[in-house]
Amino acid sequence: MIQPVPTSPGTGRKRPTIRDVAREAGVSYATVSRVLNGREWVSPEAFRAVRDAIARTGYRANPHARSLATGRSGSIAFLLTEPQHLLFEDPNFSVLLRGVAQALSGRELTLILMIASTPDERDRAVAYLSGGHVDGVLLVSPHSGDPLLAQLVRAEVPIVACGRVLGYEQVISSVAADDRGGARSAVEHLIAAGCRRIATIAGPQDTSGGVDRLHGYADALTAHGLPVEPDRIGHGDWTRGSGAETMRALLRRAPDLDAVFAASDAMAAAALPVLRAAGRAVPEDVRVVGFDDSGLAATLDPPLTTVRHPLDRISEEMVRLLTDVIAGRTPLAVTVPTSLVLRSSSPAPA
C-alpha cells in the first residue's frame, strides 16, 4: 500500500522531516533526535545548528510521535492545593501561573491547571497524575500534613514545590524566596525607624512561608534585645479576611503597638482600614509592612512598604528544576533572595 506524502496543512507542500533538518544542519539524524528529545551529549555548536535548521525549514515535531518515542507526555501540571477562589483573589497565584506558563511555552511544554483543595479533588488529582498523563508537577502552596503529599511521593511523580514542603525536604525539590531573611529585614527596618512594640500577622504555620516569616520576625527582635511577646503575635491564612480579624485581635491584646509586620500584602491591606477605624494613623501612629510586593501593594492608601517576593524568578527556577528532576537528577532546594521596597506605610527613617 502506498502511503501519501505528508504535507503542511493548507499549503500542499511536503512537510519538513527530521532528515531534512539533519541535512540542513549538516549533522546526523541521531543528533537532531537528541536535540528534539532533550537528551544530553550534544555539543553547543550542534545544538545551535539544529535549532537554526529547524527555523529555516519550518519543521514542527509531531507531539504524538514524540510522546511514543520518549515515553513522555509533554505536559506539566500546575497543582494548587488551595480553594479555587484564591486563584483569582490572591495575586501571587496568578503571577506565578503566568510566569510558569511563559517558561513552559519556551520549552514547548503544555501547562495543565489543577486544583486540589477538597478530598474528592485530591483523589482525582492523584489518579490523574499517577496515570502518566503528565511528566511532572509544579506544586503550589503545599501544607504539611496534607495526605496528598504522601500520595504523590508514593506515585513517584517528579515534583517541584513553590516553597519548602515541611517534612518532605529531602524528597521534594523546591524553589522558595528567602522568607526568613526577608521578614528579618522588614522588622529591622521598623526597629531602625524607632518602633519598639512591633506586632505581626503571621501566616499559617503548616506552610514553610508562614513558619519562616515568623522566625524572621523573632530573629530581628531578639538581635536587637527586644522581647518576643505572644500578645503581639497573631495568625492569619494569607487572606484579607484573616488579616482584618487578626488585626482587631492584636489591637485588643496589645493596644500600644506601634508597628505591624504582616506576612502577606493581602493581610496587610486588610489591617489598614482596621487601624484607621481604631483611630490609629498610618504611618504616624503605627507603621505597617507587608510581604510579597504584589500589584496590590502600590495601590493601597497609603501605599504599602513590603518585601518583594520574586515570583517571576521563582516560576522560572521551578520549571528549570523540574526538567532536571524529570531527567533523574537529585532533588534540590533553591532559595531566591528578597528585597525591601519602601513606600508611605513605613518610609525610610529620617
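Throughout this description, residue numbers start from 1 for each chain and increase along the sequence as written. Whole-chain, interface and lining totals are the exception, using all residues; otherwise, since this is a predicted model, local features are given only for residues with pLDDT of at least 70 and side-chain atom pairs are given and counted only at 80 or more. The side-chain numbers reported here are obtained from all heavy atoms of the structure, hydrogens and water having been left aside.

- Where an unreviewed UniProt entry is consulted, the protein appears under the name LacI family DNA-binding transcriptional regulator, with the organism given as Micromonospora zhanjiangensis.

1. Notes on the overall build of the protein
Okay, step 1: Secondary structure assignment for the protein yields 13 helices and twelve strands.
Okay, step 2: With the C-alpha coordinates of the protein rotated into their principal frame, the extents come out at 85 × 45 × 35 Å.
Okay, step 3: Each accessible area is a Shrake-Rupley estimate made with a 1.4 Å probe; only the visible protein chains count as cover when residues are assessed. In the form shown here, the protein has an accessible surface area of approximately 16,800 Å², with 52% of it arising from carbon and sulfur atoms.
Okay, step 4: Counting 37 positive and 38 negative side-chain charges, the protein places the centres of these two groups 8 Å from one another. For helices the rule is a DSSP run of H or I covering at least 4 residues; for strands it is a run of E covering at least 2, with both sets numbered from the N terminus onward. His is not counted, nor are the chain ends; Lys and Arg add positive charge and Asp and Glu add negative charge. In plain terms, the charge of a residue is placed at NZ if it is Lys, CZ if Arg, CG if Asp and CD if Glu.

2. Points about the packing of helix 1 (residues 18-25) against helix 2 (residues 29-36)
Okay, step 1: Interaxial angles span 0 to 180 degrees and are taken between N-to-C directions of axes, which are lines fitted to C-alpha atoms, for helices over the stretch in contact. Running from N to C, helix 1 and helix 2 cross one another at 110°; their axes reach a closest spacing of 8 Å. Judged by the inter-axis angle, helix 1 sits roughly perpendicular to helix 2. For the pair formed by helix 1 and helix 2, the contact residues are I18, R19, V21 and A22 on the first element and Y29, V32 and L36 on the second. Roughly parallel means an angle under 35 degrees; roughly antiparallel means over 145; roughly perpendicular covers 65 to 115; every other angle is labelled oblique. It only takes one pair of heavy atoms within 4.5 Å for two residues to be counted as in contact.

3. Things to note about the side chain of T306
Okay, step 1: Structurally, T306 is set in strand 10 (residues 305-308).
Okay, step 2: Of note is the side chain of T306, whose polar atom sits 2.7 Å from the side chain of D265.
Okay, step 3: For T306, the side chain forms a polar contact with the main-chain nitrogen of D292, separated by 3.3 Å.
Okay, step 4: Excluding anything up to four places from it in sequence, T306 contacts D265, V289, G290, F291, D292, D293, A297, S339, L340, V341 and R343. Any N or O atom pair separated by 3.5 Å or less is treated as a polar contact, with the protein-specific requirement of one donor-capable and one acceptor-capable atom, and with residues adjacent in sequence counted only for side-chain atom pairs.

4. Some remarks on empty space enclosed by the protein
Space left empty within the atom packing is revealed by a probe, the size of a water molecule, rolled over the atoms.
Okay, step 1: Both site types are read off a 1 Å grid over the protein atoms alone. A 1.4 Å probe that fits but cannot get out defines a cavity, while an open set with protein on both sides within 12 Å along at least five of seven lines defines a pocket; lining residues have an atom within 4 Å of a point. Grid points are joined across faces, edges and corners, and a volume is the space filled by probe spheres set on the points. In total, this model carries two cavities of 30 Å³ or more according to the counting rule given.
Okay, step 2: Its volume calculated, the largest cavity comes out at about 370 Å³.
Okay, step 3: Lining the largest cavity are 24 residues, and of these S141, C162, R213, W238 and H309 sit closest to its centre.
Okay, step 4: For the lining of the largest cavity, the secondary structure elements donating two or more residues are helix 6 (91-105), strand 5 (173-177), helix 10 (208-223) and helix 13 (311-326).
Okay, step 5: The residue inventory of the lining of the largest cavity, partitioned by class, reads eleven nonpolar, eight polar and five charged.
Okay, step 6: What marks off one domain from the next here is an automatic or database domain assignment. Summarising the domain contributions, the lining of the largest cavity has at least three residues from each of domain 2 (75-177 + 312-337) and domain 3 (179-310).
Okay, step 7: Within this model, the second largest cavity holds a volume of roughly 50 Å³.
Okay, step 8: When contributions to the lining of the second largest cavity are tallied by element, the ones reaching two or more residues are helix 6 and helix 12 (265-277).
Okay, step 9: Classification used: nonpolar for Ala, Val, Leu, Ile, Met, Phe, Trp, Tyr, Cys and Pro, charged for Asp, Glu, Lys and Arg, polar for all others including Gly. Looking at the lining of the second largest cavity, its residues break down into four nonpolar, three polar and three charged.
Okay, step 10: Residue assignment places the lining of the second largest cavity across two domains, with domain 2 (75-177 + 312-337) and domain 3 (179-310) each supplying three or more.

5. Observations regarding the sheet that holds strand 9 (residues 287-292)
Okay, step 1: Two strands qualify as a pair provided that DSSP identifies no fewer than 2 bridges between them. Strand order across the open sheet formed by six strands is 7-6-8-9-10-12, with mixed pairing between neighbours. Of all the strands in the sheet, the pair left with one neighbour each is strand 7 (233-235) and strand 12 (339-341). Neighbour-to-neighbour, the strand axes of the sheet open up by a mean angle of 20°, direction not taken into account.
Okay, step 2: Pairing between strand 6 (residues 198-202) and strand 7: three bridges, direction parallel. Bridged to A202 within strand 7 is H235.
Okay, step 3: Against the sheet, helix 10 contacts strand 6, strand 7, strand 8 (259-262) and strand 9, and its axis sits at roughly 170° relative to strand 6.

6. Quick look at the pairing of strand 5
Okay, step 1: Burial classes: relative accessible area under 20% of the type maximum marks a residue as buried, over 50% as exposed, and values in between as partly exposed (1.4 Å probe, protein chains only). Counting buried positions along strand 5 yields five of five residues, so the element is predominantly enclosed.
Okay, step 2: Burial along strand 5 is two-sided: the residues S173, V175 and A177 and S174 and A176 are all buried.
Okay, step 3: Sheet analysis places strand 4 (residues 159-162) next to strand 5, joined by three bridges and oriented parallel. Along strand 5, the bridge assignment pairs V160 with S173.

7. Some words on the side chain of R280
Okay, step 1: Checked against the element boundaries, R280 lands in the loop between helix 12 and strand 9.
Okay, step 2: In this structure R280 is buried but unpaired, with D285 as the nearest side chain of opposite charge at 4.8 Å.
Okay, step 3: Polar contacts involving the side chain of R280 include one to the main-chain carbonyl oxygen of P255, which spans 2.9 Å.
Okay, step 4: Excluding residues within four positions of it along the chain, R280 makes contact with L251, P255, D256, L257, L275, D285 and V286. For this analysis, a salt bridge means a side-chain nitrogen from Lys or Arg found within 4 Å of a carboxyl oxygen belonging to Asp or Glu.

8. Digging into the pattern of salt bridges
Okay, step 1: Counting across every chain of the model gives 17 salt bridges.
Okay, step 2: Here E317 and R313 are joined by a salt bridge, their closest N and O atoms 3.6 Å apart. Taken together, the residues E317 and R313, both in helix 13 and four residues apart, mark about one turn of the helix.
Okay, step 3: On the basis of relative accessible area, R313 is assigned to the partly exposed category, the value being 40%.
Okay, step 4: The network of salt bridges with shared partners includes R313, E317, R320, D324 and R329.

9. Considerations on the packing of helix 6 against helix 13
Okay, step 1: Two numbers describe how helix 6 lies on helix 13: the axes approach to 8 Å, and their chain directions differ by 45°. By the criterion of interaxial angle, the relationship of helix 6 to helix 13 is oblique. Between helix 6 and helix 13 lies a crossing of right-handed hand. Touching N92, V95, L96, G99, V100, A103 and L104 of helix 6 are L311, I314, S315, E316, M318 and V319, all from helix 13.
Okay, step 2: For the contact of helix 6 with helix 13, the per-class residue count stands at nine nonpolar, three polar and one charged. Throughout, a crossing is termed right-handed when the near helix is turned clockwise from the far one, and left-handed when it is turned anticlockwise from it by less than a right angle.

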